[in-house]
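Listed here are the chains, written in short residue letters.
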Amino acid sequence: MDRNAQRMVGKVISNAMDKTVVVSVERLVKHKLYKKYMKRSKKYYAHDPQNACSVGDIVVIEESK
C-alpha cells in the first residue's frame with residue numbers, strides 16, 4: 001500500500017459490467033459568492049475481481065498504478 005495513495009468513500013451505482021463497478025463519490029464544495037455548501041459528485045470505475053459488490057453498497061476505493 002502506497003503512503004500517498006488517495007482513498008475515497010463512495011456508493012456503488014452500477015455493477016452491470018464484468019469485474020467492474022461504478023462508484024459515485026460525493027463531496028461538499030463551498031460556493032465562492034454565497035458561501036453555501038453544495039454537493040458535487042463524480043463517478044469512478046473500480047475493479048471488483050470477485051463480482052462481490054452490489055448496487056447500494058458503500059465502498060472504499062484507492063488509486064493505484
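Residues numbered from 1 in each chain as written. Predicted model: local features only at pLDDT ≥ 70, side-chain atom pairs only at ≥ 80, totals over all residues. Heavy atoms only, no water.

**Q** Just give me the short version of the sheet that holds strand S3 (residues 37–47), but keep the residues and values in it.
**A** Each strand in a sheet pairs with another by means of backbone hydrogen bonds, the pair being arranged parallel or else antiparallel. Read across the open sheet, the 4 strands follow the order S3-S2-S1-S4; overall the sheet is antiparallel. Since the sheet does not close on itself, it has two edges, and those belong to S3 and strand S4 (58–62), each with one partner. The average undirected angle you get between the axes of adjacent strands in this sheet is 45 degrees. (Pairing = 2+ DSSP bridges. Helix = DSSP H or I, 4+ residues; strand = E, 2+ residues; numbered from the N terminus. Axes fitted to C-alpha atoms, helices over the stretch in contact; angles between N-to-C directions.)

**Q** Which residues make up the side chain of aspartate 48, and what values do they have?
**A** Position of aspartate 48 relative to the elements: it lies in the loop between S3 and S4. For the buried aspartate 48, no salt bridge is present, and the opposite-charge side chain at shortest range is lysine 19, 9.9 Å distant. If near-sequence neighbours (up to four positions away) are discounted, aspartate 48 is found in contact with Lys19, Thr20, Val21 and Cys53. (Buried < 20%, exposed > 50% of the residue type's maximum accessible area, 1.4 Å probe, protein only. Lys, Arg positive; Asp, Glu negative; His and termini not counted. Salt bridge = Lys/Arg side-chain N within 4 Å of Asp/Glu carboxyl O. Contact = heavy atoms within 4.5 Å.)

**Q** Report on the pairing of S3, specifying residues and quantitative values.
**A** For S3, the tally of buried residues reaches only 1 of 11 residues, placing the bulk of the element at the surface. In the sheet, strand S2 (residues 20–30) pairs with S3 via 11 bridges, with the strands oriented antiparallel. Across the sheet, the residue bridging to valine 22 is tyrosine 45, located in S3. What sits between S2 and S3 in their antiparallel hairpin is a turn of 6 residues, with lysine 35 showing a positive phi close to 60 degrees.

This is a description of form; function is not addressed.
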